[in-house]
Amino acid sequence: MERKIRVRFAPSPTGPLHIGGVRTALYNYLFVKKFGGDFILRIEDTDQARFVPGAEEYIIESLNWCGIKFDEGIHIGGQYAPYRQSERKEIYRQYADQLIENGSAYYAFDSAEELDAKRKEYESQKQTFQYSSANRSSMNNSLTLKDSEIKQKISNGGLYAIRLKIPENKTIEVNDLIRGKVMVNSSQLDDKVLFKSDGFPTYHLANVVDDFLMKVTHVIRGEEWLPSAPLHVLLYTYLGWENEMPQFAHLPLLLKPDGNGKLSKRDGDRLGFPVFPLTWTDPKTNEISSGYRESGYFPEAVVNMLALLGWNPGTEKELFSMEELIQAFSFDRVGKSGSRFDPEKAKWFNHQYLLKKSNEEIANLFAKILEEKGINSDYSYILKVCNLVKERVNLVSELWAQSSFFFEAPKIFDEKTVKDKWKENSAQFVAEVKEIINNASGFSAALLKESVSEYVRQKQLGMGQVMNALR
RNA sequence: GGCCCGUUCGUCUAGCUGGCCCAGGACACCAGGUUUUCAUCCUGUAAAUCAGGGGUUCGAAUCCCCUACGGGCUACCA
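The structure presented is a predicted model; accordingly, all values stated were derived computationally and were not measured.

### Looking at the overall build of chain A
Stage number 1. Across its full length, chain A carries 18 helices and 14 strands.
Stage number 2. In chain A, buried positions account for 44% of the 471 residues.
Stage number 3. For chain A, the share of sequence-separated contacts (at least 6 apart) that also reach a separation of at least 24 residues comes to 70%.
Stage number 4. Accessible surface, chain A: about 24,600 Å² in total, of which carbon and sulfur atoms supply 50%.

### A look at the packing of aromatic side chains
Stage number 1. Applying the stated criterion to the full structure yields 25 aromatic pairs.
Stage number 2. For the pair phenylalanine 212 and tryptophan 241, a centre-to-centre distance of 3.8 Å together with 5° between the ring planes defines the contact as stacked. Taken as a pair, phenylalanine 212 in helix H6 (residues 203–213) and tryptophan 241 in the loop between helix H7 (229–238) and strand S10 (247–251) lie far apart in primary sequence, 29 residues in all.
Stage number 3. The rings of Tyr27, Phe31, Phe35, Trp311, Phe320, Phe329 and Phe331 are connected pair by pair, giving a single aromatic cluster.
Stage number 4. Sitting over the face of the ring of phenylalanine 195, arginine 93 holds its NZ or CZ atom 5.2 Å from the ring centroid.
Stage number 5. Over the ring of tyrosine 131 we find arginine 163; its NZ or CZ atom is 3.8 Å from the centre of that ring.

### Notes on the packing of helix H3 (residues 89–101) against H6
Stage number 1. For the pair H3 and H6, the least separation of the axes is 10 Å and the interaxial angle reads 105°. Relative to H6, the element H3 lies roughly perpendicular. Each of Ile91, Tyr92, Tyr95 and Ala96 in H3 lies in contact with H6, whose residues at this interface are Leu205, Ala206, Val209, Asp210 and Leu213.
Stage number 2. Of the residues that constitute the contact of H3 with H6, the class distribution is eight nonpolar, no polar and one charged.

### A short note on the side chain of asparagine 350
Stage number 1. Along the chain, asparagine 350 falls in helix H11 (residues 343–356).
Stage number 2. Asparagine 350 sits in the buried class, given a relative accessible area of 0%.
Stage number 3. Excluding residues that lie within four positions of it along the chain, asparagine 350 makes contacts with Gly296, Tyr297, Phe298, Ala301, Asn394 and Leu395.

### Let's talk about the sheet that holds strand S5 (residues 161–164)
Stage number 1. In space, the three strands of this open sheet follow the order S4-S5-S8, with antiparallel pairing throughout. The strands lining the two open edges of the sheet, one partner per strand, are strand S4 (105–108) and strand S8 (193–195). The sheet shows a mean angle of 45° between the axes of neighbouring strands, taken without regard to direction.
Stage number 2. Here S5 pairs with S8 via two bridges, running antiparallel. By the bridge assignment for S8, isoleucine 162 is matched with phenylalanine 195.

### Remarks on the environment of glutamate 391
Stage number 1. Among the structural elements, glutamate 391 can be located in the loop between helix H13 (379–389) and helix H14 (399–403).
Stage number 2. Glutamate 391 sits in the exposed class, given a relative accessible area of 58%.
Stage number 3. Sequence spacing of glutamate 391 and tyrosine 58 is 333 residues, and the spatial spacing of their C-alpha atoms is 32 Å.
Stage number 4. Apart from residues lying up to four places away in sequence, glutamate 391 is in contact with His351 and Leu355.

### Things to note about the nonpolar core
Side chains that are nonpolar tend, in soluble globular proteins, to be buried together.
Stage number 1. Grouped together as the largest cluster of nonpolar side chains are 115 residues, with contacts concentrated most on Leu26, Ile68, Phe331 and Phe366.
Stage number 2. Of all the elements, helix H1 (residues 19–34) adds the most residues to this core, at nine residues.
Stage number 3. Not counting chain neighbours up to four residues away, the residues in contact with phenylalanine 366 comprise Ile382, Val385, Cys386, Val396, Leu399, Trp400, Ser403 and Phe407.
Stage number 4. Residues Ala108, Leu115, Phe129 and Met139 belong to the second largest nonpolar core, which totals six residues.

### Thoughts on H11
Stage number 1. Relative to the 20 Å expected for 14 residues at 1.5 Å per residue, H11 spans 20 Å between its end C-alpha atoms, a close match to the ideal helical length.
Stage number 2. Taken residue by residue, H11 has Pro343, Ala346, Phe349, Asn350, His351, Tyr353 and Leu354 as its buried positions.
Stage number 3. Residues of H11 that are buried make contact with helix H9 (299–307) and helix H12 (359–372).
Stage number 4. The opening residue of H11 is aspartate 342, an N-cap whose side-chain oxygen sits 3.0 Å from the backbone nitrogen of glutamate 344.

What counts, and at which threshold
Residues numbered from 1 in each chain as written. Chains lettered and ligands numbered in written order. Predicted model: local features only at pLDDT ≥ 70, side-chain atom pairs only at ≥ 80, totals over all residues. Heavy atoms only, no water. Helix = DSSP H or I, 4+ residues; strand = E, 2+ residues; numbered from the N terminus. Buried < 20%, exposed > 50% of the residue type's maximum accessible area, 1.4 Å probe, protein only. Contact = heavy atoms within 4.5 Å. Areas by Shrake-Rupley, 256 points an atom, 1.4 Å probe, with all protein chains shown as cover. Phe/Tyr/Trp six-rings, centres within 6.5 Å; stacked < 30°, edge-to-face > 60°. Lys NZ or Arg CZ within 6 Å of the ring centre and 35° of its normal. Axes fitted to C-alpha atoms, helices over the stretch in contact; angles between N-to-C directions. Parallel < 35°, antiparallel > 145°, perpendicular 65-115°, else oblique. Nonpolar A, V, L, I, M, F, W, Y, C, P; charged D, E, K, R; others polar. Pairing = 2+ DSSP bridges. Core = buried A, V, L, I, M, F, W, Y, C linked by side-chain atoms within 4.5 Å. Expected span 1.5 Å × (residues − 1). Polar contact = N/O pair within 3.5 Å; in protein donor to acceptor, adjacent residues only side chain to side chain.

Here is the structure:
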């Protein structure tokens, strides 16, 4: 009787996947894997005007980088294929027709200009136009027109949309795993377009139909969908699917590190931290947005940080592997309020993972950076350098700034320091100490310290005078 | 404007079935120690009258109401 848990991540290919989207995908993944269910990647590309080439590949690569794996989807297929809504176009129409037949939807012939005019008219009176039970009888639709007129309009190839006929003054209940019961009066909803005049369904119809057809049991998505959840509930009941209706979980949003509002691409540029998992170049403007991967973050750190933004284990444990997250995750530990994004904490997480990595792993990554800089160095040497400086940095990309002097002579000196530390007799000290080091019977820290200390004693100098110069 | 959701240290949060909370942890901050520098690391300090106001109760961060503030939605976008 228990249905197999199935969830889906359903982004629109309208640009690079935002870090908030990654978190939504992650929560879906953690939840479904905890119960051994299936994870579906579905692409919601019903708005051809907003389609951005490359976005789909970007989404797949990003999630892949994060270690979020799918069981079905556009890139791997599956028994409910196709998983791209533009390829399922024919499927939706029959459900829109079904709704018209059972009287819960109708044809609307109003043009964009007419609707626009209506909105302006209402606005001038400080009101908001809402296509609903309050005024649908005065609009141009199949509820107001004569049958013959309707048939004529349709057969003439005129443009029309299909709208859902929202009932008046009914209480609709949405059960949310995070927020509990949410009640909305249907009179607050407008007669949403389900099927557009371009032959594509809108999000609302396509989403509900696909979730039903793909046997999705839990809809886990951002809070921005909460207001339309009652509409979706209505759709399930009108389509006769109330028994298969999935459970909902609306996730709180990610907010700007400072100021007001939700986290956006601009904040990354403004505050200097990545908002995207991978670097993205806008195909139209060539504008580049930095990504976590290219900035030197480890996917494990990004995943760990994202998981703890809005969810917590209820213990003081902060470092979690993906496996541990899957074990620990549950919706009743997901917060209800939006979380401010903290780039500093992201760095801290990365630092923790950096310290856990072997020198080999770090060296492999660093070797690539060195190569790009045209520096060819011995692998064992790179290994030593990594061991030396790894705890000084948060990101692999910061390694160079901390260790460049191991690979090339410094180009500039800090004037002030030189002035402070470099005295007339400094050169002599350095030369003498160099002698000592060269003549030493070995090259170990303890041995050298002993020899140099001896030198300092003999010359009756201060340790600082000699060592500062040497540095 | 309307509707929906939310509100504990600067930030992420613990606290959810009321007393163990004059509120705990982490990041950041500050101070001390280690490192003859810096960073790391260790220790510690400071930091929320639990948005405000009313209730309910012997007792409320925890339950109820109001207000304020924040967020989201309000397209033939998703």
